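Overview (structure and organization)
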Amino acid sequence: MNSIFTEENLLVFTTAARCSSFSKAAEELQLTTSAISYAIKRIETGLGVVLFERNTRSIELTESGFYFYRKASDLLNDFEMIRRGIDTIAQGIEARLRICINQLLYTPWHTAKLLQVLKTRFPTCQFTITTEVYNGVWEAMINNQVNIAIGAPGTLLDGGGIDYTEIGAIGWVFALSPTHPLAHMPEPLSESQMRLYPNIMVEDTADTINKKVGWLLHGQEVLLVPDFNTKCHCQIMGEGIGFLPEYMASDAIEKGLLVRREVINPRQKSGMLLATRHAANGQVTQWITQEFAEGGMLRAIYQDLLSGR
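In short, a report on the structure. Quick caveat, the model's predicted, so the values are computed rather than measured. (Residues numbered from 1 in each chain as written. Predicted model: local features only at pLDDT ≥ 70, side-chain atom pairs only at ≥ 80, totals over all residues. Heavy atoms only, no water.)

Sheet architecture is open: 5 strands sit in the order β4-β3-β5-β12-β6, paired in mixed fashion. Only two strands of the sheet have a single neighbouring strand rather than two, namely β4 (126-132) and β6 (162-170). Direction aside, neighbouring strands of the sheet carry axes that sit 25 degrees apart on average. Lying on the sheet, helix α6 (residues 135-142) is in contact with β3 (96-102), β4, β5 (148-153), β6 and β12 (270-277); it crosses β5 at an angle near 145 degrees. (Pairing = 2+ DSSP bridges. Helix = DSSP H or I, 4+ residues; strand = E, 2+ residues; numbered from the N terminus. Axes fitted to C-alpha atoms, helices over the stretch in contact; angles between N-to-C directions. Contact = heavy atoms within 4.5 Å.)

Encoded structure:
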């Protein structure tokens, strides 16, 4: 039976089904009508079912024929995808690429736009996107869980055979609810004043290397949340205080949901790196590195999130 599942036989069958005619299928495939009829009969014998109801003018798929047509079409698509995949791998295009995005640079829109650009440019490459916080990004790279990191923290960990390039920085804003007691205190706010209120903090996702603490005062209560969007909403609701990414806080401040306050010892910008493996020489990785350079297509996608050093 296996001999009937050839690409040629499947193409003959699906063409005949689509044309509802052996003669039209023969014309399209540049074969004889008898060759088409023989191939279909051979498939039916091998499967032990009738695939077409035949009459003098046309042919119609049986119920078994409809099922086989769907499966045969899927198989033909698989054949084509395999062929294209092998061709692109031979050209140096990776079959699969795993990308980790720092939570500071992760938004659904930016990630979807990134994938749209990558799939348009490299349709045969399978992309997997994950997200980590702070040194969790470096850990994913060091443990070979990902091939590329977008927004790795600016403090580079030594070793690991990793190349990196600067792509910008995240600016920080100390922001809190307009109803929060600190919203009415004279500026700049002191550490002793801020220490009285919980710090909404996103925890570093690293497990095997040292966790990074974004900002925390000695003795201050901590409320841990899984991501920066949750942190922002907690601060909007007045549940705590802390620094927010400038792009995120700006929108809430403009809507009157948060107010910006000046503090003693403001948080400095966080440098963001694009990290790749030193031995990586695939076309997709090289293109991503190139397009994250100044003026590149991918750099432009994240430009509204990043500022200069």
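Next comes the rest of the write-up.
This paragraph deals with helix α3 (residues 33-47). If you check α3, its first and last C-alpha atoms are 21 Å apart, about what 15 residues at 1.5 Å a residue would give, namely 21 Å. Along α3, the residues that are buried comprise Ile36, Ala39, Ile40, Ile43 and Glu44. Buried residues along α3 cover an arc of 135 degrees about the axis, so they all sit on one side. More than 90 degrees from the buried face of α3, the exposed residues found are Ser34, Tyr38, Lys41 and Thr45. At the exit of α3 stands Gly48, carrying a positive phi of roughly 75 degrees. (Expected span 1.5 Å × (residues − 1). Buried < 20%, exposed > 50% of the residue type's maximum accessible area, 1.4 Å probe, protein only. Arc of directions from axis to C-beta.)

In this description, a pair of aromatic rings is defined by centroid distance and the angle of the planes. Taken as a whole, this structure holds 12 aromatic pairs when the rule is applied. Ring plane angle 55 degrees and centroid distance 4.8 Å describe the contact between Phe13 and Phe68, whose orientation is recorded as tilted. With Phe13 in helix α1 (residues 7-19) and Phe68 in helix α4 (residues 63-90), this pair connects stretches of sequence that are 55 residues apart. Here Phe13 matches Phe68 in class, with each residue buried. Plain terms: the ring middles of Phe122 and Trp287 are 5.7 Å apart, the flat faces sit at 75 degrees to each other, and that makes the pair edge-to-face. Of the two residues, Phe122 sits in the loop between α5 (108-121) and β4 while Trp287 sits in helix α10 (residues 283-291), which places them 165 residues apart along the sequence. (Phe/Tyr/Trp six-rings, centres within 6.5 Å; stacked < 30°, edge-to-face > 60°.)

Worth remembering: the numbers are spatial, not functional.
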